[in-house]
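Results of the structural survey
So you can see what is in the structure, the chains are spelled out below.
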There are 2 protein chains.
Amino acid sequence: MNGKMIYGGICAPPGFKASGVACGLKESGELDLCVLASDAECSAAGTFTSNAFRAAPVAVTIEHLEDGRLQAAVINSGNANACTGERGLADARAMAHSVAIELGIDDSQVAVASTGLIGGYLPMQKLEEGIKHAIGALHEGGAGEAARAIMTTDTYPKELSFDFGDFSIGGMAKGAGMMKPNMATMLAFLTSDAQIDPRDLSAALRIAVDASFNLVNIDGCTSTNDMVLALASGTSRAKVKAEDFAAALLQVCSPLAHMLVEDAEGSTRLIKIRIGGAFDHAEAKKLATAVAESPLVKTAFFGGDPNWGRIVQALGAAEPRLDPSKVSVKIGGLAVAERGESGMVDPASLEGIMAVKEIEIDIDLSRGDSVIELLTSDLSYEYVRINAEYHT
Amino acid sequence: MNGKMIYGGICAPPGFKASGVACGLKESGELDLCVLASDAECSAAGTFTSNAFRAAPVAVTIEHLEDGRLQAAVINSGNANACTGERGLADARAMAHSVAIELGIDDSQVAVASTGLIGGYLPMQKLEEGIKHAIGALHEGGAGEAARAIMTTDTYPKELSFDFGDFSIGGMAKGAGMMKPNMATMLAFLTSDAQIDPRDLSAALRIAVDASFNLVNIDGCTSTNDMVLALASGTSRAKVKAEDFAAALLQVCSPLAHMLVEDAEGSTRLIKIRIGGAFDHAEAKKLATAVAESPLVKTAFFGGDPNWGRIVQALGAAEPRLDPSKVSVKIGGLAVAERGESGMVDPASLEGIMAVKEIEIDIDLSRGDSVIELLTSDLSYEYVRINAEYHT
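Residues numbered from 1 in each chain as written. Chains lettered and ligands numbered in written order. Predicted model: local features only at pLDDT ≥ 70, side-chain atom pairs only at ≥ 80, totals over all residues. Heavy atoms only, no water.

**Section: the sheet that holds strand S15 (residues 370-377) of chain A**
Residue and element names in this part refer to chain A. What the six strands build is an open sheet, ordered S13-S12-S11-S14-S10-S15; its pairing is mixed. Edge positions in the open sheet fall to strand S13 (341-342) and S15, since each of these has one partner strand only. Both strand S12 (residues 334-338) and S13 contribute to a ladder of two bridges, which runs antiparallel. If you follow Glu338 over to S13, its bridge partner there is Glu341. Each of strand S10 (270-278), strand S14 (358-364) and S15 touches helix H6 (residues 242-262); the most contacted strand, S15, lies at about 45 degrees to it. Its contacts with the sheet put helix H7 (residues 281-293) on S10, S14 and S15, and the angle it makes with S15 is roughly 25 degrees. (Pairing = 2+ DSSP bridges. Helix = DSSP H or I, 4+ residues; strand = E, 2+ residues; numbered from the N terminus. Contact = heavy atoms within 4.5 Å. Axes fitted to C-alpha atoms, helices over the stretch in contact; angles between N-to-C directions.)

What follows is the structure, given as structure tokens:
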């Protein structure tokens, strides 16, 4: 699968319309409600947060996905509708119902997603009015507004689309904090006109998500509202096999995942952590995660300091059975630690490496064949400011 | 065991002398080398880091503790002697040897500890000269200098001592970052004139450390150099049982652990996380740790925001099988979340609670009888500054 980037985002595949409106959930008056609708009913699949406190919209969308069919989605930002009990579930169902009535489809054909503050009830009157407004505004060029309406602390909308010849895929995503996707991810929506049955779509989505969104980690915090949803309308009549569609989805998901980390709250650097020579995938992911989540590694990179001592500290704490004499670390290609001891690196060349925004850390454990690459961000004053000021 | 606080720190028990000197490891010219010596050979026990990259002095001290006997300790700050391979081990042994020669005791009677930057070799000439100087300076009132000489990013020396009638215990500790004690802790040294055999001392120390230092967590980072060492000279001739000595040690270790968190890098608040109703100790500790390590919880508290949504997010991410409808959260005694939903709390009373420096979070899981209390700190601009500027 080798697609060509095209314009149009989630509306790039023919037959998909979207809109974004401001219904008053965000005090700033910015866009906070999005509707996505397909002309035809779609095969649908999703991956969802593993957090025990999963939000009401996640529960409702999982219910509506039981038959593998969806035709629309409604997404609000500014309020997560999480930890809201029975009332929250009723509110999420009411959102789906309002969309269904307006579009003349069944409630169970509508997915619901929310993102924002945890613990408050939705102002349903504003939402009901907003949904009517959003459905009236649905159009084929609405992807940009939609991508903007699902933003929270994101500084730019994240969307893109690819043409794969017989079919196309569009995608949008949001997320800049509370982000450690686990079995699922933050919010992302993928549309396609490919013909693929729900089971194959689900398998393809799982593969693509594991290799993209599940390999980013901003602050080690798995959200209550994570959701990736894929809709395939089949209107192109291009039948696609699961493995081919997985490869095509990955081509869309990888740059979206990259954008999420690039826009991480307050970040000044994007850090690629590559672990090589691990026993297995689980060990590689555990150790990459330990480095990515270490506040000492993250603050060192914010300070422009290639502090490899903190990298090995994080590795050794996460896996006490590591053999230090086999562990080597490169930063930006320079060997800062070789077999557990300081490498012979000219400090001047390290300064040059730390001057760029994207930095690669290569860790070789020399104890197996497993390899992983995880994306993370640094920890800055700005991350603290954003999260100290983002008040309940 | 109900001791009375007395002056004297690690020199409070008769027969212990200490000193702190500046040998040039810290560019600032501050004290960076400490020697502690007992007139009599002591029963000795230690707990050590579980980090795979444990530092050379940790390895050497474990060797020297094999027979359960020690008479002196040498501790430097400003350089961790970690990730320094064979040369680091030789350097740590040379430190013990220099002390042994000067005091006329065996190398194996000397413990060695280091704290500071990871990955650099020790400047041995400076250290050898410093050790001679420090041994010449040993005196019965030297505890204050000693406690100051082991500081790194600490803003004040941490020491105290208690009289238990028949015997006394003195202690000092350091640590303000890279602190998630695991099976051991940061640096702490405990002295006593009690009579207790090494095996009982070791059992008592393990109990006291588990209930004090192992329940603090500043930034989730387990150091390569953690060490708690206890020396008991027996000169008081007061024979003490392991369980009684554990209780006495705990009375010294608890306030030292509290001081470590109070002095956490850049912290503005001390947060007590109490988990109740957990299945077992392991679950209680895992969940308390998840809350303590969440950068979103820590920044919220820095911002004076009792954001309980982030607390339940951290709990639910750590244990996906939690039943949200059974989880309640109090902040400063006010029920902010009841059975998974927002509690009825007056926002004005929450503001009052967030105005104090020490804040208690009470989490009730209602699924068992296990209870734990963990101490942590908030995440501030100052933590980022300290760790972005503390350069290699």
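**Some details on the relation of the copies chain B and chain A**
Copies of the same chain, two in number, are related to each other by a rotation about an axis and a translation along it. When chain B is fitted to chain A, the best match, at an RMSD of 0.0 Å, comes from turning it 180 degrees and sliding it 0.0 Å along the axis. Viewed as a symmetry operation, the transformation between the two copies matches a two-fold axis. Rotation axis and chain B: the residue whose C-alpha lies nearest the axis is Tyr381 of chain B, separated from it by 2.6 Å. Most of the interface of chain B is mirrored in chain A, where 100% of its interface residues are also at the interface. (Least-squares fit on C-alpha atoms with pLDDT ≥ 70 in both.)

**Focus: the interface of chain B and chain A**
Every contact between the two is made by 56 residues of chain B and, on the other side, 56 residues of chain A. Here chain B meets chain A over a buried area of about 4,400 Å², counting both sides, of which 65% is carbon and sulfur. Across the chain B-chain A interface, the total number found is zero salt bridges. Only helix H2 (85-103), helix H8 (295-302), helix H9 (308-318), strand S14 (341-342) and helix H11 (381-389) of chain B provide two or more residues apiece to the side of chain B that touches chain A. Among the elements that line the side of chain B that touches chain A, the one with the most residues is H9 of chain B, at eight residues. Taken together, the residues that form the side of chain B that touches chain A break down as 26 nonpolar, 22 polar and eight charged. (Buried area = accessible area lost by both parts, 1.4 Å probe. Salt bridge = Lys/Arg side-chain N within 4 Å of Asp/Glu carboxyl O. Nonpolar A, V, L, I, M, F, W, Y, C, P; charged D, E, K, R; others polar.)

**A few points about unusual backbone geometry**
All names here are of chain A. Unusually for a residue other than glycine, Arg237 sits at a positive phi of about 60 degrees. By relative accessible area, which is 71% here, Arg237 ends up exposed. Phi at Ser366 is positive, roughly 50 degrees, even though this residue is not glycine. Structurally, Ser366 is set in the loop between S14 and S15. (Buried < 20%, exposed > 50% of the residue type's maximum accessible area, 1.4 Å probe, protein only.)

**Focus: the domain arrangement of chain A**
Residue and element names in this part refer to chain A. Each assigned domain of chain A is listed with its residue range as follows: domain 1 (4-263) and domain 2 (270-389). Distance between the C-alpha centres of domain 1 and domain 2: 33 Å. With twelve residues of domain 1 at the interface, the matching set in domain 2 holds 15 residues. At the boundary of domain 1 with domain 2, total buried surface from both sides reaches about 1,200 Å², with 58% on carbon and sulfur atoms. When the buried area of domain 1 at its contact with domain 2 is split by residue, Leu215, Asn217 and His258 rank highest and sum to 45% of it. Across the domain 1-domain 2 interface, the total number found is zero salt bridges. In the side of domain 1 that touches domain 2, the residues fall into four nonpolar, five polar and three charged. (Domains from an automatic or database assignment.)

**A closer look at helix H5 (residues 198-210) of chain A**
Residue and element names in this part refer to chain A. Taking 1.5 Å per residue as the helical rise, H5 with its 13 residues ought to reach 18 Å, and the 18 Å between its terminal C-alpha atoms agrees with that figure. Here H5 has its buried residues at Leu201, Ala204, Leu205, Ala208 and Val209. Viewed end-on, H5 has its buried residues packed into an arc of 130 degrees, placing them on one side of the element. Residues of H5 that are buried sit in contact with strand S3 (33-48), strand S8 (187-192), strand S9 (227-232) and H6. Measuring from the backbone nitrogen of Arg199 back to the side-chain oxygen at the start of H5 gives 2.9 Å, which picks out Asp197 as the cap. (Expected span 1.5 Å × (residues − 1). Arc of directions from axis to C-beta. Polar contact = N/O pair within 3.5 Å; in protein donor to acceptor, adjacent residues only side chain to side chain.)

**What about the confidence of the model for chain A?**
The predicted coordinates should not be examined in detail at positions where pLDDT is low. Residue and element names in this part refer to chain A. Scored by pLDDT, chain A comes out at a mean of 89, with 97% of its residues at no less than 70. The least confident element of chain A is helix H10 (residues 347-354), whose mean pLDDT is 80; the most confident is helix H3 (residues 124-136), at 97. With a pTM of 0.81, the predicted complex shows an ipTM of 0.77. (pLDDT = per-residue confidence, 0-100.)

**Some words on the environment of Glu283 of chain A**
Residues and elements named next belong to chain A. Take Glu283: it is sitting in helix H7. Along the chain, Glu283 and Ile372 lie 89 residues apart, while their C-alpha atoms are 9.6 Å from each other. Not counting residues within four places of it along the chain, the set of residues in contact with Glu283 comprises Ala278, Glu319, Leu365 and Arg367. Among the polar contacts listed, one links the side chain of Glu283 to the backbone nitrogen of Phe279, at a separation of 3.0 Å. Here Arg367 takes part through its side chain, which lies 2.6 Å from a polar atom of the side chain of Glu283.

**Description of the pattern of salt bridges**
Residues and elements named next belong to chain A. This model, assessed by the stated rule, comprises 26 salt bridges over all chains. Ionic pairing is found between Asp154 and Lys158, a salt bridge with its closest N-O pair at 2.8 Å. When its relative accessible area of 0% is taken as the criterion, Lys158 is described as buried. Measuring nitrogen to oxygen at the nearest pair gives 2.6 Å for the salt bridge that ties Asp263 to Lys158.

**Details of the pairing of strand S3 (residues 33-48) of chain B**
All names here are of chain B. Buried residues dominate S3, accounting for 13 of its 16 residues. Taken together, the six bridges between strand S2 (residues 16-21) and S3 define a ladder with antiparallel strand orientation. Bridge assignment links Ala18 to a residue of S3, and that residue is Leu36.

**Here's the deal with the pairing of S3 of chain A**
All names here are of chain A. Looking at chain direction, S3 and strand S4 (residues 69-77) are connected through seven bridges and run antiparallel. Counterpart to Val35 in the pairing with S4 is Val74. Of the strand pairs in this sheet, S3 and S9 are connected by six bridges, and their pairing is antiparallel. In the strand pairing of S9, Thr47 is matched with Val228.

**Description of the environment of Asp39 of chain B**
Residue and element names in this part refer to chain B. Position of Asp39 relative to the elements: it lies in strand S3. For Asp39, a relative accessible area of 51% gives the class exposed. In sequence terms Asp39 and Gly309 are 270 residues apart; their C-alpha atoms lie 56 Å from each other. Of the polar contacts made by the side chain of Asp39, one reaches the side chain of Lys17; its length is 3.0 Å.

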